[in-house]
Amino acid sequence: MMIEIRLDDQARQLPAGTTLAALLESLDRPAASVATALNGSFIPRERRAATVLGAGDQVLLFKPIVGG
Amino acid sequence: MNDDPLIIDGVALASRFFLGTAGYPSPAVLAEAIEASGTQLVTLGLKRTLQAGDNGALALALDAARARGARLLPNTAGCRSAREAVALACMARELYGTHWIKLEVVGDELSLQPDPFELLAAATELVRLGFTVFPYCTEDLVLCRRLLDEAGCAVLMPWGAPIGSGQGLAHPRALRTLRERLPDATLVVDAGLGAPSQAAQALEMGIDAVLLNTAVAKAREPVRMAAAFRDAIVAGRAAWRAGLIATQDFAVASTPVSGHAFLLGDAA
């Protein structure tokens, strides 16, 4: 069964039971290159493998940039 | 050897110039400006991965900061609520490997004025989570006292003027009041400075450090401007330590000739 989530505001279909860690792996994102938020809450790196995504979840990825 | 370091969270910083890393004409100029500034603390940010890249500016900024032994101070720019700011701070700690955070929670879109209520709530939570919090705040005395005593912030960072405005110190009397009423607090003027003389003015009144970005990044020659701010900040701090004279309403002769009319008189 497939579910739909939103990744960085884009709809995305995933197999049910996909974890946040598996999603990042499928995007070819090294685990340490981004920080993750699920439905507005921070998900630490060590919790990604245990975080199963559900239908309608909003995933945001953040990376370091210059800033003031 | 610096005999007057700024101590924050047990860390001695040899420079009182905190420098932002955004908006420079090129990554190479940014790296040179970091070097010329003498800074020991550079600010950085976070953004969504779907947004455009930075042409390698971050990598060079990190290299330049490391070469100077400078600390990193990630920010929570763009946050509008305590919840957002806490989440972003946690992400910054994970990505940058530092528990120091410049806390920004904006409450007005035109002035980018901090929201004092969300700021206090976020600061309280972040200190509880083990962060060393540098709150970007207004110069309101009661807010500042609560950020220190209630939330447990390590420093206060009252604005000089709205971010990027270059206006200088819009409310110098309020900053003086902060200095007088919170004599033990570490005060950093953050944002709004346009000229080195304004940075010197802040240090002369006892502000402990300044944080700026745009005044250097958007100068015609950012590297030269970084050096100009560096020197002004050193001069301002030295003046504060030396003790400025009290102002007087009338002239006070400096040459000791009073009481002796030596040009016109009996001998003429």
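The model shown is predicted, which means the values in this text are computed figures rather than measured ones. (Residues numbered from 1 in each chain as written. Chains lettered and ligands numbered in written order. Predicted model: local features only at pLDDT ≥ 70, side-chain atom pairs only at ≥ 80, totals over all residues.)

Caption draft 1: Main features of the overall build of chain B. Summing up its helical and strand segments, chain B has nine helices and 10 strands in all. Projecting the C-alpha coordinates of chain B onto the three principal axes gives extents of approximately 90 × 40 × 40 Å. The burial tally for chain B puts 46% of its 268 residues in the buried class. For chain B, the proportion of contacts with a sequence separation of at least 24, taken over those separated by at least 6, is 66%. (Helix = DSSP H or I, 4+ residues; strand = E, 2+ residues; numbered from the N terminus. Buried ≥ 20, exposed ≤ 12 C-beta atoms within 10 Å, placed from the backbone. Contact = placed C-beta atoms within 7 Å.)

Caption draft 2: Molecular detail of the pairing of strand β3 (residues 17-20) of chain B. All names here are of chain B. Of the two faces of β3, the one carrying Phe17 and Leu19 and the one carrying Phe18 and Gly20 are both buried. Judged from the three bridges that link them, β3 and strand β10 (residues 209-212) form a sheet pairing that is parallel. In the sheet register, Phe18 faces β10, and the bridge partner there is Leu211. Sheet analysis places β3 next to strand β4 (residues 41-48), joined by three bridges and oriented parallel. Bridging across to β4, Phe18 finds its partner in Leu41. For the handedness criterion, the β-α-β arrangement of β3, helix α1 (residues 27-37) and β4 is classed as right-handed. (Pairing = 2+ DSSP bridges. Right-handed = clockwise from strand over helix to strand, strands pointing away.)

Caption draft 3: Spotlight on the environment of Gly38 of chain B. Residue and element names in this part refer to chain B. Structurally, the position occupied by Gly38 is in the loop between α1 and β4. A tally of 20 C-beta atoms within 10 Å means that Gly38 is categorised as buried. In this structure the C-alpha to C-alpha distance between Gly38 and Asp231, which are 193 residues apart in sequence, comes to 9.6 Å.

Caption draft 4: Summary view of the pairing of β4 of chain B. Along β4 of chain B, six of the eight residues are buried, which leaves the element largely enclosed by surrounding structure. Bridge count for strand β5 (residues 58-66) of chain A against β4 of chain B is five bridges, and the pairing is antiparallel. From the neighbouring strand, Val66 of chain A faces β4 of chain B, where its bridge partner is Leu44 of chain B. One ladder, built from four bridges, connects β4 of chain B with strand β5 (residues 71-74) of chain B; its direction is parallel. Residue Thr43 of chain B lies in a different strand from β5 of chain B, and its bridge partner there is Leu73 of chain B.

Caption draft 5: Structural view of the interface of chain B and chain A. Contact with chain B, which involves 25 residues of that partner, is made by 18 residues of chain A. For the side of chain B that touches chain A, the elements supplying multiple residues, two or more each, are β4, α2 (57-68) and α3 (82-96) of chain B. When residues in the side of chain B that touches chain A are grouped by element, the largest group, seven residues, is from α3 of chain B.

Caption draft 6: Inspection of the packing of α3 of chain B against helix α4 (residues 116-128) of chain B at higher detail. All names here are of chain B. One way to put it is that α3 packs onto α4 with a least axis distance of 8 Å and a crossing angle of 35°. Note on packing geometry: the crossing formed by α3 with α4 is right-handed. In contact with Ala82, Ala85, Val86 and Ala89 of α3, α4 contributes Glu118, Ala121, Ala122, Glu125 and Leu126. When grouped by side-chain class, the residues that make up the contact of α3 with α4 number seven nonpolar, no polar and two charged. (Axes fitted to C-alpha atoms, helices over the stretch in contact; angles between N-to-C directions. Left-handed = near helix turned anticlockwise from the far one by under 90°. Nonpolar A, V, L, I, M, F, W, Y, C, P; charged D, E, K, R; others polar.)

Caption draft 7: Layout of helix α9 (residues 222-242) of chain B. All names here are of chain B. Compared with the 30 Å implied by 1.5 Å per residue over 21 residues, the 30 Å span of α9 between its first and last C-alpha is a close match. Along α9, the residues that are buried comprise Pro222, Val223, Met225, Ala226, Ala228, Phe229, Arg230, Ala232, Ile233, Gly236 and Arg237. At the C-terminal side of α9, Gly243 shows a positive phi close to 90°. (Expected span 1.5 Å × (residues − 1).)

Caption draft 8: Representation of unusual backbone geometry within the structure. Residue and element names in this part refer to chain A. Backbone geometry places Asp8, a non-glycine residue, at a positive phi of 50°. Note that Asp8 resides in the loop between β1 (2-7) and β2 (10-15). Residue classification places Asp8 among the partly exposed positions, given that 14 C-beta atoms sit within 10 Å. The phi torsion at Asn39 lies on the positive side, around 50°, for a residue other than glycine. Within the secondary structure, Asn39 is located in the loop between β3 (35-38) and β4 (41-43).

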